[in-house]
Amino acid sequence: MIKNNLAIAFRHLYKRKFYTIINVTGLAIGLAAGLLITLYVLDELSYDRFHERADRIYRVTTETNFNGNLSGSASTNYHVGEVIDDEIPEIATTLRVQQLGNRTIKVDDDLYTPQTLAVDSNFFQFFTFPLTEGNPATALDDPSSVILTEKLARELFGRSSYVLGKTVTMGEEVYRITGVAENPPTNAHFHFEMLKQFKPRVGNRINWGNVNGTVSTYFLLAENALVEEVPSKIKEVCVKYNPQVAEGIKLGKYDVNFTAQPLTDIHLYSNLGMELEGNSDVRYVYIFSIIALFVLIIAGVNYVNLSTARSADRAKEVGVRKTLGAVRQPLIAQFLTESLLVSLIATLLGLALAELLRRPFNQLANKELSLNLLDNPTLGLAVLITGLMVGIIAGLYPAFYLTRFQPIQTLRGSMKTGQKGKSFRNALVVFQFATSIALIVCTAVVYQQLQYMQNKKLGYNQENVVILGNAVESSFDAFVNELSAYPQVRAVTASSQSPHMITNSQGGLQVRGQAEDQIYQLNRLFVDHNFLPTFDIVLKEGRNFSEKLASDTAVMILNEAAVRQMGIDDPLNAKVRRNNEWYRVVGVTEDFHFQSLKNEIAPLFILLGWGPSAYNNIEVRISGEDTPGTLAFLEETWQKFSPNNPFYYSFLDQNYEALYRTEMRLGKVFGIFTGLAIFVACLGLLALVAFMAEQRTKEIGIRKVMGASVRSIVLLLSTGYTKLIVIALLVAIPVSYLAMRQWLADFAYRTDLNLWIFIGAGFVALLIAWLSVSYQSIKAAVANPVDALKNE
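Draft legend 1. View of the overall build of the protein. Per the secondary structure count, the protein includes 24 helices and 24 strands. Taking all 792 residues of the protein together, the buried fraction comes to 51%. As presented, the protein carries roughly 36,700 Å² of accessible surface, and 55% of it is formed by carbon and sulfur atoms.

Draft legend 2. Geometry of the packing of aromatic side chains. Enumeration according to the criterion identifies 30 aromatic pairs in this entry. With centroids separated by 5.4 Å and ring planes inclined at 70°, the aromatic side chains of Phe-127 and Phe-190 adopt a geometry described as edge-to-face. Placement of the pair is Phe-127 in the loop between α4 (123-126) and β7 (131-133) and Phe-190 in the loop between β10 (173-181) and β11 (194-197), with a sequence separation of 63 residues. Judged on exposure class, the residue Phe-127 and its partner Phe-190 are both buried. Summarising the aromatic geometry, the rings of Phe-129 and Phe-192 are spaced 5.3 Å apart at their centres and angled 85° between planes, so their arrangement reads as edge-to-face. In this pair, Phe-129 sits in the loop between α4 and β7 while Phe-192 sits in the loop between β10 and β11, placing the two residues 63 residues apart along the sequence. Taking the relative accessible area as the measure of exposure, Phe-192 reaches 3% and is therefore buried. Stacked on the ring of Tyr-749, the Lys or Arg Lys-456 has its end atom at 5.2 Å from the ring centre.

Draft legend 3. Quick look at the pattern of salt bridges. The full count for this structure, using the stated rule, is 16 salt bridges. The residue Arg-56 makes a salt bridge to Glu-223 at a minimum N-O spacing of 3.8 Å. You can see Arg-56 sitting in the loop between α2 (17-45) and β1 (57-66) and its partner Glu-223 sitting in the loop between β12 (216-221) and α6 (230-240), a full 167 residues away along the chain. A residue is classified by how much of its surface remains accessible, and Glu-223, at 60% relative accessible area, is exposed. A salt bridge links Lys-240 to Glu-87, with the shortest nitrogen-to-oxygen separation between them at 3.2 Å. Of this pair, Lys-240 sits in helix α6 while Glu-87 sits in helix α3 (residues 80-87); the two residues are 153 residues apart in sequence, bridging distant segments of the chain. Lys-240 sits in the exposed class, given a relative accessible area of 52%. Of the residues examined, Glu-87 reaches a relative accessible area of 30% and is grouped as partly exposed.

Draft legend 4. Looking closely at the side chain of Asp-281. With respect to the secondary-structure elements, Asp-281 resides in the loop between α8 (266-269) and α9 (282-309). A relative accessible area of 18% places Asp-281 in the buried class. Polar side-chain contacts of Asp-281 include one of 2.6 Å to the side chain of Arg-283. Setting aside anything within four residues of it in sequence, one finds Asp-281 in contact with His-267 and Leu-268.

Draft legend 5. Layout of the packing of α2 against helix α11 (residues 328-365). Where α2 contacts α11, the axes come no closer than 7 Å and their chain directions differ by 45°. Considering their axes alone, α2 and α11 lie oblique with respect to each other. The handedness of the crossing between α2 and α11 is right-handed. Of the residues assigned to the contact of α2 with α11, the class counts are 19 nonpolar, four polar and one charged.

Draft legend 6. Just unusual backbone geometry, in detail. Of note, the phi angle at Asp-48 is positive, near 65°, even though the residue is not glycine. Note on placement: Asp-48 falls in the loop between α2 and β1. Unlike most non-glycine residues, Asp-536 shows phi in positive territory, near 55°. You can see Asp-536 is positioned in the loop between α16 (531-534) and β18 (539-542).

Draft legend 7. Looking closely at the nonpolar core. In this structure, Phe-433, Ile-437, Tyr-460 and Trp-743 are the most contacted members of the largest nonpolar core, which totals 107 residues. The next biggest cluster of nonpolar side chains, apart from the first, holds 24 residues, and it includes Val-119, Phe-123, Leu-131 and Phe-192.

Draft legend 8. Quick look at the packing of α3 against α6. Running from amino to carboxyl end, α3 crosses α6 at an angle of 115°, the nearest separation of the two axes being 10 Å. Between α3 and α6, the angle is such that the two are roughly perpendicular. Two packed elements cross with a definite hand, and for α3 against α6 that hand is right-handed. Along its contact with α3, which presents Val-80, Val-83, Ile-84 and Glu-87, the element α6 presents Ile-234, Val-237, Cys-238 and Lys-240. Its residues assigned to classes, the contact of α3 with α6 shows six nonpolar, no polar and two charged.

Draft legend 9. Just the environment of Asn-579, in detail. Among the secondary structure elements, Asn-579 is positioned in the loop between β20 (575-578) and β21 (581-589). Given a relative accessible area of 52%, Asn-579 falls into the exposed group. Along the sequence, Asn-579 and Gly-507 sit 72 residues apart, while their C-alpha atoms lie 9.4 Å from each other.

Draft legend 10. Spotlight on helix α18 (residues 627-641). With 15 residues, α18 extends 21 Å from end C-alpha to end C-alpha; this agrees with the ideal 21 Å at 1.5 Å per step. Within the sequence span of α18, burial applies to Thr-630, Leu-631, Phe-633, Leu-634, Thr-637, Trp-638 and Phe-641. In an axial view of α18, the angular spread of the buried residues amounts to 155°, which keeps them on one side of the axis. Those residues of α18 that are exposed and aimed more than 90 degrees away from the buried face are Pro-628, Glu-636 and Lys-640. For α18, the elements touching its buried residues are β14 (465-469), α15 (476-484), β23 (617-622) and β24 (649-651).

Draft legend 11. Molecular detail of the side chain of Thr-443. By the element assignment, Thr-443 lies in helix α14 (residues 422-455). Judged by relative accessible area, which is 18%, Thr-443 ranks as buried. With near-sequence residues (within four places) excluded, Thr-443 lies in contact with Gly-667, Phe-670, Gly-671 and Thr-674.

Draft legend 12. View of the pairing of strand β8 (residues 145-149). Within β8, five of the five residues are buried, which leaves it mostly tucked inside the rest of the structure. In β8, alternate side chains face the same way, and those of Ser-145, Ile-147 and Thr-149 on one face and Val-146 and Leu-148 on the other are all buried. Relative to β10, β8 runs parallel, the two sharing five bridges. Bridging across to β10, Leu-148 finds its partner in Val-180. Relative to β11, β8 is paired through three bridges, and the arrangement is antiparallel. The residue bridging Ile-147 from the neighbouring strand is Leu-195, located in β11.

Draft legend 13. Looking closely at α3. Within α3, the full set of buried residues consists of Val-80, Gly-81, Val-83 and Ile-84. Of the surrounding elements, those touching the buried residues of α3 are β1, β3 (91-102), β12 and α6.

Draft legend 14. Representation of a nonpolar patch on the surface within the structure. A cluster of nonpolar side chains, namely Leu-344, Leu-348, Leu-381, Leu-384, Ile-385, Leu-388, Met-389, Ile-392, Ile-393, Leu-396 and Phe-400, defines an oily patch on the protein surface of about 930 Å² accessible area. Put simply, the parts of the chain that give the nonpolar patch at least two residues each are α11 and α12 (377-402). Looking at the nonpolar patch, the element that brings in the most residues is α12, giving nine residues. By the secondary structure assignment, Leu-384 is in helix α12. Taking relative accessible area as the criterion, Leu-384 reaches 37% and is therefore assigned partly exposed.

Draft legend 15. Structural detail: the environment of Thr-493. Structurally, the position occupied by Thr-493 is in strand β15 (residues 489-495). Overall, Thr-493 belongs to the buried group, its relative accessible area being 1%. Separated by 41 residues in sequence, Thr-493 and Thr-534 place their C-alpha atoms 6.9 Å apart. Setting aside anything within four residues of it in sequence, one finds Thr-493 in contact with Asp-528, Asn-530, Phe-531, Thr-534, Phe-535, Asn-617, Ile-618 and Glu-619. Among the polar contacts made by the side chain of Thr-493, one reaches the side chain of Asp-528 at a distance of 2.4 Å. Within the structure, Thr-493 has its side chain in polar contact with the backbone nitrogen of Phe-531 (distance 3.1 Å).

Thresholds applied
Each chain carries its own residue numbering, running from 1 in the direction its sequence is written. Local features in a predicted model are, by the rule used here, given only for residues with pLDDT of at least 70; side-chain atom pairs are given and counted only at 80 or more, and totals for whole chains, interfaces and linings are based on all residues. Only hydrogens and water are removed before side-chain values are computed, so all heavy atoms of the structure are retained for them. Numbering of helices and strands runs from the N terminus, with a helix taken as a DSSP run of H or I at least four residues long and a strand as a DSSP run of E at least two residues long. Any residue under 20% of the maximum accessible area for its type is buried, any over 50% is exposed, and the rest in between are partly exposed; the area is computed with a 1.4 Å probe on protein chains only. Here the open area of atoms and residues is found with the Shrake-Rupley method and a 1.4 Å probe, where only the protein chains shown may cover a residue. In this scheme Phe, Tyr and Trp rings, the latter by its six-membered ring, pair at centre separations within 6.5 Å, and the angle between planes marks the pair as stacked below 30 degrees, edge-to-face above 60, and tilted otherwise. The criterion is that NZ of a Lys, or CZ of an Arg, lies within 6 Å of the ring centre and within 35 degrees of the ring normal, and then a charge sits over that ring. Salt bridge, as applied in this entry: a Lys or Arg side-chain nitrogen positioned within 4 Å of an Asp or Glu carboxyl oxygen. Pairs of N or O atoms are called polar contacts if they sit within 3.5 Å, as long as, within protein, a hydrogen donor faces a hydrogen acceptor (for residues adjacent in sequence, only side-chain-to-side-chain pairs). Any two residues whose heavy atoms approach within 4.5 Å are treated as being in contact. Axes, fitted as lines to C-alpha atoms, cover a helix only where it is in contact. Angles between the N-to-C directions of the axes lie from 0 to 180 degrees. By definition in this entry, angles of less than 35 degrees are roughly parallel, angles greater than 145 are roughly antiparallel, angles of 65 to 115 are roughly perpendicular, and the rest are oblique. A crossing counts as left-handed when the near helix is turned anticlockwise from the far one by less than a right angle, and as right-handed when that turn is clockwise. Under the scheme applied, nonpolar residues are Ala, Val, Leu, Ile, Met, Phe, Trp, Tyr, Cys and Pro; charged residues are Asp, Glu, Lys and Arg; polar residues are all the others, including Gly. Working definition of a nonpolar core: buried Ala, Val, Leu, Ile, Met, Phe, Trp, Tyr and Cys residues. They are joined through side-chain atoms within 4.5 Å. Take the residue count of a helix, subtract one, and multiply by 1.5 Å to get its expected span. Arc, as used here, means the arc of the directions from the helix axis to the C-beta atoms. Only when DSSP finds a minimum of two bridges between them are two strands counted as paired. Only residues whose relative accessible area exceeds 30% and that form no salt bridge enter a patch; like-charged residues are grouped when within 9 Å of one another, and nonpolar side chains (Val, Leu, Ile, Met, Phe, Trp, Tyr) when within 5 Å.

Here is the structure:
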């Protein structure tokens, strides 16, 4: 019987090649899209789960409340790990990790800048980063030892093995290579190329001050211990070792709380200050999953729509079979066999299509996804089951719908075939295009928000600014003067952080004349005298720092947000206490965006740096007339003043755009999968209109003989679908509006959701649908009526 069903299925599918191709193509695209996004989602959910003790590893994070202003940090003071290891029995051991950035090392006469972390010596007992050479238990015991990754070892020595005992020079110190680690997998929340031993600064464990810092502190939960009890105990211990902090909490000046963040939650659920690397967001996982599901559903809807519409063709077949004694169950099995055969072919084609698109998708999503089903048979089985389930679900309604026809009705011709499922088909078409329109709206809003962020006036000039690191070894002033003398250099300045991302903050600030328990926490920036004019930052009141006034080391400039938060009525006569010293306010800048537009402009105070060591960046504004020549001059001058450090530069406007890289990827993914959804929906509409035109061939022939024009026939066939798309637009508007309003809520500064976005999305969907419908309508309208009526 199975053999007979397959033979009939192949014969029927071959007979209706056009509709078979439509169904197979739609399902294949849906399955390919679903598979690619499934790989993406699985990769996002797999972060840090490869560590053997991942279920017991937690990161300590802090939340500080200054007068209702909350600030969260993924880092702590370097002493936190020491004291909680000794004092809290639920903690088996702790580990500290510090991001050192790209450190310059020398091998022979060559310079390299590997991404470097400073870690405690128990790093490899904590995290599962296997060593290909060296003993993980002792590799970091010596302060003068380093661990390289295979990639870096190959870059330095031309091979990744037999490098133990070789040395690299960092600054004035020589380090011996004691281990080679496998390259960290992409699904880790931090990465490295070189590890060195963590060297904490000398300090007293009693009264060590602020609980925040620049060190990520992890702890391993003791077996059978409850993690819920740990955060409160961490706070008790830190208050015990910090009388100053305890006093501040007691007086209500501020409050500090801790959380024990599971290692496996960091990538998708953490977006704090001082993260080791940027993280993703679990909401994007949900969004991509929903998109994939909708594309797959639209493909299944096509199959159901065409199967029910073609009931006219199959009704007589069912009637004849029932007259000859066939019962309903074998007929259902026959139709399900056809559906499963289509889904099986589509699954194989979808796998090939997914593999073809995998590399472009990897580039788009910044992933290294693999589609090797032999290495992952579970995924292969899941793909096969999904394909079969889609076939069964898509074929169930047609199977039960077609086999319920009464043979006497079908053979007499008294049944209006294809009409009973019309309302159902219309509902499916509305669903397809409502989904497509909603995706168009979402894509348009994401794109519009990106354009808004890229074009919004930031309050400073970011064009033609080259950012250099501050690694000048000889005279800093001479270096700046030589740069300034070059004709294409407009200005040179230096700062502790780039103006597009100022994250350092300081608490404990007080305003003279206010209550002693009134404490503020503000973002902090050290600059030289040229910073404000270089970036065209407008002073609303007061003056800039002056080179002629030595006393300007004891003055500060505030932004408008700081003046508002601190409640200062006369800022130019105000004094602010910082580190037990009083600073006079000499200027107030207009608010400018020094962080992502996701955040409101925060309070900021600007201080004059005490010298070159206060600055991490050198910013050079160039004319832009001869950028390659200017960059060559910058490199030449850099090598003159800093021969032991490689020349690296970046453009400020590009750094700013990088803040929204995740949103840019989201916009591109939205666009691609929206296009796929519309394409699949239009494939179904094309086939549906073709079939309806085929069913109405004789009607069209009679109308043409009676004088009907091509235009009137096209309108006749198209008007019904136009109404359905208008209904789909009305359904899509509230759904997409609510979804995009929720997404835009993450941005403190955002574009407006105006009506034209929704009207435009509906017009695009209507235009695409009309092009699909018109092709078949015109083809039917221009056909020779003799061909349709010659058999009558």
